[in-house]
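# Close look at the chain arrangement
So the chains spell out like this:
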Amino acid sequence: MKSIRTRILAILISSLAAIFLIMGVILYVQTTNIVVPLTKDLSSQIINARADEVGQWLKARIDDLKGIAEREVVMTMDVEAMKQSLKNAASTRDSIYDLLYIIDKTGNAWTTTDTLTNVADRDYFRAIFYEGKDYYVSNPLISKATNLPMFVVAYAVKDSAKKTVGIVATTIELSKLTKAFDEIKVGSDGYGVIVDSTGLVMSHPDNSLIMSLNVLDSEAKGYKGLKELGRQAITGNSGIGLITKNGGDPSFAIYTPIANSPGWSLFLIVSEKFLMTASNSLVIFVVIIIIGSLGVVSVISIILGNYIAKPIKVVDAGVKQISEGDYTVSVPESFLKRKDEFGNLGRSVLKMIESIRSSMMKINDAALKIDTAASNLASVSEESSATSEE
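Being a predicted model, the structure only gives us computed values, none of them experimental. (Residues numbered from 1 in each chain as written. Predicted model: local features only at pLDDT ≥ 70, side-chain atom pairs only at ≥ 80, totals over all residues. Heavy atoms only, no water.)

## Some points on the packing of aromatic side chains
As enumerated under the stated definition, the model contains five aromatic pairs in all. A network of ring pairs unites the aromatic residues Phe125, Phe129 and Tyr130 as a single cluster. Directly above the ring of tryptophan 57 sits arginine 61, whose terminal nitrogen or CZ lies 5.0 Å from the centroid. (Phe/Tyr/Trp six-rings, centres within 6.5 Å; stacked < 30°, edge-to-face > 60°. Lys NZ or Arg CZ within 6 Å of the ring centre and 35° of its normal.)

## Section: the side chain of arginine 61
Note on placement: arginine 61 falls in helix 1 (residues 4-69). Of the polar contacts made by the side chain of arginine 61, one reaches the backbone oxygen of tryptophan 57; its length is 3.1 Å. Beyond its immediate sequence surroundings of up to four residues, arginine 61 is in contact with Ile96, Tyr97, Val153 and Ile172. (Helix = DSSP H or I, 4+ residues; strand = E, 2+ residues; numbered from the N terminus. Polar contact = N/O pair within 3.5 Å; in protein donor to acceptor, adjacent residues only side chain to side chain. Contact = heavy atoms within 4.5 Å.)

## Digging into the sheet that holds strand 13 (residues 265-271)
Across the sheet, six strands lie side by side as 9-8-13-12-11-10; this open sheet has antiparallel pairing. In the strand order of this sheet, the two ends are held by strand 9 (201-203) and strand 10 (223-224), each with one partner. Strand direction decides the pairing type here: strand 12 (residues 251-257) and strand 13, joined by seven bridges, are antiparallel. Bridge pairing links isoleucine 254 to leucine 268 in strand 13. (Pairing = 2+ DSSP bridges.)

## Brief notes about helix 3 (residues 79-91)
Spanning 13 residues, helix 3 covers 17 Å between terminal C-alpha atoms, matching the ideal 18 Å at 1.5 Å per step. Among the residues of helix 3, those classed as buried are Met82, Ser85, Leu86, Ala89 and Ala90. Residue aspartate 78 occupies the N-cap position of helix 3, its side-chain oxygen lying 3.3 Å from the main-chain nitrogen of glutamate 80. (Expected span 1.5 Å × (residues − 1). Buried < 20%, exposed > 50% of the residue type's maximum accessible area, 1.4 Å probe, protein only.)

## Quick look at the pairing of strand 2 (residues 108-111)
Side-chain direction in a regular strand flips from residue to residue, so the side chains alternate between the two faces of the sheet. Note: strand 1 (residues 99-103) against strand 2, three bridges, orientation antiparallel. Looking at the pairing, isoleucine 103 lines up with alanine 109 of strand 2. Remark: four residues form the turn of the hairpin made by strand 1 and strand 2, two consecutive strands paired antiparallel; glycine 107 in that turn has positive phi of roughly 95°. Alignment of strand 2 against strand 3 (residues 116-118), held across three bridges, turns out to be antiparallel. Bridged to tryptophan 110 within strand 3 is leucine 116. Between the end of strand 2 and the start of strand 3, which pair antiparallel, lie four residues, with aspartate 114 showing a positive phi angle near 60°.

## A short note on the nonpolar core
Among the nonpolar cores identified, the biggest contains 38 residues, and Ile102, Phe151 and Trp264 are the most heavily contacted of them. Mapped by element, the contributors of at least two residues to this core are helix 1, helix 3, strand 1, strand 6 (149-158), strand 7 (164-173), helix 5 (174-181) and strand 13. Top element by residues in this core is helix 1. It accounts for nine residues. Excluding anything up to four places from it in sequence, isoleucine 102 contacts Val74, Met77, Val79, Met82, Leu86, Asn108, Ala109, Trp110, Val157, Ile167 and Val168. Of all hydrophobic cores here, the second largest spans 18 residues; its members include Phe125, Ala127, Phe129 and Tyr136. (Core = buried A, V, L, I, M, F, W, Y, C linked by side-chain atoms within 4.5 Å.)

Here it is, written out as structure tokens:
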């Protein structure tokens, strides 16, 4: 038979466990629905801010070349006259620029390393001379001068009549772009990736993927979901989606276009685990609180059960003694002094005992009287019998 203490403990713990479980599920769902979107939104704000930084960095290069192109000595397109001026400009910018070069109408180019080459087949040459653009930022390519992967920033040189007479340009190695923005991170494993307008990776923490991975062909490299996101990115859209590599853990890819670029996009890759970290940590914290609360409730239930069961046990023992014919049982004074229902019960039991004692005493007295009367009657009867015989 279960004791009252055991029943109280079982009822309280099971009830609270059910309540806490429901609260935990609701909290997890609400946390996931609130924290994860907030983290995504924060990540989107971060990538937009960093994309703006890249865009401003490019604009600074464009404005710098504009200033060089508008120098009077450069506007003359006299290479011999401008050589020293360009070399001085290149030496003060060598932390960013690989070299500076001036290009004439035929595509012949002189570089600040005194190298001669022809770039008439380059997109930036055609864009400025044939399409009338003032400046051009190229997609990544292999430099004819250094044979390294780089991109070109070019600006039109115009004469006093505002007619394009040449181009001043610079090459910037992709490694410098990677170095400038390889700190784009969210969490412990988030990182930034820059792709050009064709989907080719320009900047990546893994150097082996630079100029070798195209997001439009990423399925062949084991990426799932990146191809479709790449299609959206190269059309100038922003968005977010899930990607996986070789069946591994999923990650969110957040992408946005880069201003002042020829269709480049910045991707921020963040693991799904990171986005779930905040909600999972909160759930673990709640579970710990629930377990601790159940422990406290268990202790309280035991104390409460003892508080209730102890006086009941006293009453139960007393009633058993009475049922066995022992009317000497007494109720503890501490029990009788209680001001609650148990005190009332104890006092009622005491009255019952006293009442039974009184009744038993009366019964005993009556029995004695009956015995006496019976004895007297027997004596009278004997005397009557003796008289009759005489």
